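Take a look at the letters that make up each chain.
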Amino acid sequence: MKTLNTLLLTAFASLTINSAYSQGPKLPAASPAASVKQTFGLTDVKIEYSSPAVKGRTIWGGLVPYDSVWRTGANQATIIDFSTGVTINDTKIKAGKYALFTIPGRDTWTVIINSDNEQWGSFSYKKSLDVTRFTVKPEMTADVKEHMAFYLDPTSDSTCNVTLRWEKVRLTFEVKANTLAAIQKGFDNMSNTYANAANYYVDNKLDLTKAEQWAKMALDMDKTSFYFNYVVAKVMRAKGDSKEALKYAEESKKLGEAANNDFYHEFKARIDKLLAELDKAGKK
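Residues numbered from 1 in each chain as written. Predicted model: local features only at pLDDT ≥ 70, side-chain atom pairs only at ≥ 80, totals over all residues. Heavy atoms only, no water.

Draft legend 1. Focus on the overall build of the protein. If you tally the helices and strands in the protein, you get six helices and ten strands. Overall, the C-alpha framework of the protein stretches about 115 × 65 × 30 Å when taken along its three principal axes. Residue pairs in contact within the protein that sit at least 24 positions apart in sequence constitute 54% of those at least 6 positions apart. Working note: accessible area of the protein is about 16800 Å², and carbon and sulfur atoms make up 53% of it. Between the mean site of the 38 positive side-chain charges and the mean site of the 32 negative ones, the protein shows a separation of 4 Å. (Helix = DSSP H or I, 4+ residues; strand = E, 2+ residues; numbered from the N terminus. Contact = heavy atoms within 4.5 Å. Areas by Shrake-Rupley, 256 points an atom, 1.4 Å probe, with all protein chains shown as cover. Lys, Arg positive; Asp, Glu negative; His and termini not counted. Charge placed at Lys NZ, Arg CZ, Asp CG, Glu CD.)

Rendered as structure tokens:
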């Protein structure tokens with residue numbers, strides 16, 4: 001009985017201590033979580049990291065060894081996230097999250113973008129999962145940056161500098177995005193939408209005035225598209241203007257033959273049929 005009472009008292013004391021500990025004051029993190037996000041052009045870049053402090057310690061070659069893979073921060077490996085595809089050091093990188101490692105050196109550093117973005121530190125780092133790695137020469141500053149920090153600085157709609165600052169080291173590399181291609185793709189999607197809407201209106205005998213407006217808006221965006229010319233031809237034929245329809249149908253055939261791609265081959269029979277019908281109508 002005495003032994004049982006002793007065990008119960010011990011368990012109660014343990015629970016009391018643990019409860020008091022868990023309810024105690026919250027203390028500052030030694031390496032607080034931090035993040036930075038920036039948009040340049042049509043691309044978002046975000047970096048998530050833990051920010052260690054100098055605290056009077058020797059950082060390079062001390063706390064952070066030279067020539068070893070470093071998590072580039074504290075706790076979990078630093079994550080860099082791209083909303084679109086980018087290019088770093090002439091390597092194309094798909095949109096997504098990546099681990100950002102570095103190998104600090106006395107004269108140059110190696111920057112590593114690694115596909116495993118869920119790592120604690122660099123303990124499970126695998127070189128085989130590197131997407132790219134490249135060397136950068138760090139700058140030494142006169143002032144000391146107590147807490148490690150990342151900065152994102154857009155230099156144009158297509159470029160952004162990523163800068164790491166800690167202690168007296170400043171390290172910068174450039175991220176590039178093909179913003180013009182993304183804009184063009186957006187216009188292409190818009191013009192296809194207009195053309196498809198016009199085609200739908202013609203096929204379903206809806207408002208032909210709107211159909212003509214949309215078809216010609218698409219054609220204004222790209223006069224070299226055989227498909228857009230074909231849709232305009234269909235609209236003009238539906239409106240009873242065979243002469244205009246024939247002009248656009250012939251242009252569609254000419255552009256399609258020049259393109260000679262699968263998309264044209266899908267429409268070739270339809271274009272030929274439309275031309276034959278217009279030719280027959282013109283002979284009446």
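Now that the structure has been shown, the text picks up again.
Draft legend 2. Up close: the pairing of strand β7 (residues 109–114). Most of β7 is tucked away, with six of its six residues classed as buried. Alternating positions in β7 separate into two faces, Trp109, Val111 and Ile113 on one and Thr110, Ile112 and Asn114 on the other, with burial throughout. Sheet topology places strand β6 (residues 96–103) next to β7; five bridges connect them, and they run antiparallel. Opposite Thr102, over in β7, you have Val111 as the bridge partner. (Buried < 20%, exposed > 50% of the residue type's maximum accessible area, 1.4 Å probe, protein only. Pairing = 2+ DSSP bridges.)

Draft legend 3. Spatial organisation of the pairing of strand β1 (residues 33–40). Pairing of β1 with strand β2 (residues 43–50), which is carried by eight bridges, proceeds in the antiparallel orientation. Within the sheet, the bridge partner assigned to Ala33 lies in β2 and is Ser50. The turn linking β1 back onto β2 is made up of two residues, and Gly41 within it adopts a positive phi angle of 65°.

Draft legend 4. The arrangement of the side chain of Ser50 in detail. Here Ser50 lies in strand β2. Relative accessible area serves as the criterion here: at 11%, Ser50 is assigned to the buried category. Engagement of the side chain of Ser50 in a polar contact is seen with the side chain of Asn75, the distance being 3.2 Å. (Polar contact = N/O pair within 3.5 Å; in protein donor to acceptor, adjacent residues only side chain to side chain.)

Draft legend 5. Main features of the sheet that holds β6. The strand order β1-β2-β3-β6-β7-β8 describes an open sheet built from six strands, whose pairing is antiparallel. The sheet terminates laterally at β1 and β8 (130–136), the two strands that pair on one side only. Averaged over all adjacent pairs, the angle separating strand axes in this sheet is 20°, with direction ignored. Of the strand pairs in this sheet, β2 and strand β3 (residues 79–82) are connected by four bridges, and their pairing is antiparallel. Residue pairing across strands places Val45 opposite Phe82, the latter belonging to β3. (Axes fitted to C-alpha atoms, helices over the stretch in contact; angles between N-to-C directions.)

Draft legend 6. Seen up close, a nonpolar patch on the surface. Taken together, the side chains of Leu42, Leu180, Ile183, Phe187, Met190 and Met221 make up a nonpolar region of the molecular surface, amounting to roughly 570 Å² of accessible area. With four residues, helix α2 (residues 179–203) is the largest single contributor of residues to the nonpolar patch. As for its position among the elements, Met190 is in helix α2. (Patch = residues over 30% accessible without salt bridge, like charges linked within 9 Å, V, L, I, M, F, W, Y side chains within 5 Å. Salt bridge = Lys/Arg side-chain N within 4 Å of Asp/Glu carboxyl O.)

Draft legend 7. Here's a closer look at the packing of helix α3 (residues 208–221) against helix α4 (residues 226–238). Following both chains from N to C, one finds α3 and α4 inclined at 160°, their axes separated by 9 Å at the closest point. The angle between the axes of α3 and α4 places the two elements in the roughly antiparallel class. Classified by chirality, the crossing of α4 by α3 is left-handed. Seen from α3, the contacting residues are Leu208, Ala211, Glu212, Ala215, Lys216, Ala218 and Leu219; seen from α4, they are Phe228, Asn229, Val231, Val232, Val235, Met236 and Ala238. Considered class by class, the residues forming the contact of α3 with α4 number eleven nonpolar, one polar and two charged. (Parallel < 35°, antiparallel > 145°, perpendicular 65-115°, else oblique. Left-handed = near helix turned anticlockwise from the far one by under 90°. Nonpolar A, V, L, I, M, F, W, Y, C, P; charged D, E, K, R; others polar.)

Draft legend 8. Spatial organisation of the packing of aromatic side chains. On inspection of all chains with the given rule, the structure shows 18 aromatic pairs. Measuring from centroid to centroid gives 6.2 Å for Trp70 and Trp109, while their planes differ by 75°, and the two rings are edge-to-face. In this pair, Trp70 sits in the loop between β2 and β3 while Trp109 sits in strand β7, placing the two residues 39 residues apart along the sequence. Exposure class is identical for Trp70 and Trp109. Each is buried. Through a chain of ring-to-ring contacts, the aromatic side chains of Phe226, Tyr227, Phe228, Tyr230, Phe263, Tyr264 and Phe267 assemble into a single cluster. Sitting over the ring of Phe267, Arg270 keeps its end group 4.3 Å from the ring centre. (Phe/Tyr/Trp six-rings, centres within 6.5 Å; stacked < 30°, edge-to-face > 60°. Lys NZ or Arg CZ within 6 Å of the ring centre and 35° of its normal.)

Draft legend 9. Expanded view of the side chain of Asp81. Assignment of secondary structure puts Asp81 in strand β3. Of the buried charged residues, Asp81 lacks a salt bridge, with Lys97 as the closest side chain of opposite charge at 4.7 Å. Those residues within four positions of Asp81 in sequence are excluded, and the remaining contacts are Asp44, Val45, Lys46, Gly96 and Lys97.

Coordinates in, geometry out; function isn't part of it.
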